[in-house]
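Structural features, examined
Here is what each chain is made of, one letter per residue.
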Amino acid sequence: QVQLVESGGGLVQAGGSLRLSCAVSGRTFSSYVMGWFRPAPGKEREFVTSISWSGGSTYYVDSVKGRFTISRDKAENTVYLQMNSLKPEDTAVYYCTARLITATLYDYWGQGTQVTVSS
């Protein structure tokens, strides 16, 4: 059974940093893309960033470029989201997710971790 378990959320002041973790288990993820999503006005969930498990290619939504960094540790089976220079508008529940590299839809989702940025 595939499991994605997020941790690392919390309350931080604007300008601060947090690192989210997503522990993955239940299968081999070498053919998967791992992503982070968050809710956004008018959308159920907004794409934030993704990384291919195998090659490490990354993508970011424009609003987080230069501030957020996604990475993965194959030995630890963990995906990380380093968030720097946080803004109040980054406040959201952040969800870890996974999809096959050949798919367009994300199949697996974690339970989410709350990030709150105070001004």
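Each remark here, short or long, concerns the structure printed above.
Attention here is on the structure that accompanies the text. (Residues numbered from 1 in each chain as written. Predicted model: local features only at pLDDT ≥ 70, side-chain atom pairs only at ≥ 80, totals over all residues. Heavy atoms only, no water.)

As for the state of the cysteines
- Here the structure, examined in full by the defined rule, presents one disulfide.
- Disulfide partner of Cys22: Cys96, at an S-S distance of 2.1 Å. Its torsion about the S-S bond being -80 degrees, the disulfide of Cys22 and Cys96 is classed as left-handed. With a gap of 74 residues between them, Cys22 in strand β3 (residues 18-25) and Cys96 in strand β9 (residues 92-100) connect regions that are remote in the sequence. (Disulfide = S-S within 2.5 Å. Helix = DSSP H or I, 4+ residues; strand = E, 2+ residues; numbered from the N terminus.)

Some points on the pattern of salt bridges
- The full count for this structure, using the stated rule, is four salt bridges.
- A salt bridge links Arg38 to Asp90, with the nearest nitrogen and oxygen atoms 3.1 Å apart. Separated by 52 residues along the polypeptide, Arg38 in strand β4 (residues 32-40) and Asp90 in the loop between β8 (78-83) and β9 bring together distant segments of the chain. Considered together, Arg38 and Asp90 belong to a single accessibility category, that of buried residues.
- Note that Lys65 and Asp62 form a salt bridge whose closest N and O atoms lie 3.0 Å from each other.
- Residues participating in the shared-partner salt-bridge network are Arg38, Glu46, Arg67 and Asp90. (Salt bridge = Lys/Arg side-chain N within 4 Å of Asp/Glu carboxyl O. Buried < 20%, exposed > 50% of the residue type's maximum accessible area, 1.4 Å probe, protein only.)

Notes on the nonpolar core
- If you look at the biggest cluster of nonpolar residues, it comprises 28 residues, and the most contacted ones within it are Phe29, Met34, Trp36, Met83 and Tyr94.
- Looking at this core, the elements that each hand over two or more residues are β3, β4, β5 (43-52), β7 (68-73), β8, β9 and β11 (113-118). (Core = buried A, V, L, I, M, F, W, Y, C linked by side-chain atoms within 4.5 Å.)

A word on the packing of aromatic side chains
- Applying the stated rule across the entire model yields seven aromatic pairs.
- Ring centres of Phe29 and Tyr32 lie 5.3 Å apart, and the angle between their planes is 65 degrees; on these two criteria the pair is classed as edge-to-face.
- On the accessibility criterion, Phe29 (3% relative accessible area) is buried.
- Relative to Trp109, the ring of Phe37 lies with its centre 5.2 Å away and its plane at 65 degrees, an arrangement referred to as edge-to-face. Placement of Phe37 in strand β4 and of Trp109 in strand β10 (residues 108-109) is noted, with a sequence separation of 72 residues between them.
- Pairwise contacts between aromatic rings join Phe29, Tyr32, Trp53 and Tyr108 into one cluster.
- Against the face of Tyr95 rests Arg45, its NZ or CZ located 4.0 Å from the ring centre. (Phe/Tyr/Trp six-rings, centres within 6.5 Å; stacked < 30°, edge-to-face > 60°. Lys NZ or Arg CZ within 6 Å of the ring centre and 35° of its normal.)

Observations regarding the sheet that holds β8
- Sheet architecture is open: four strands sit in the order β1-β3-β8-β7, paired in antiparallel fashion. Looking along the sheet, the strands with just one partner apiece sit at the ends: β1 (3-7) and β7. Pairwise comparison of adjacent strand axes, ignoring direction, gives a mean angle of 15 degrees for this sheet.
- With six bridges joining them, β3 and β8 adopt antiparallel strand pairing. Residue pairing across strands places Ser21 opposite Tyr80, the latter belonging to β8. (Pairing = 2+ DSSP bridges. Axes fitted to C-alpha atoms, helices over the stretch in contact; angles between N-to-C directions.)

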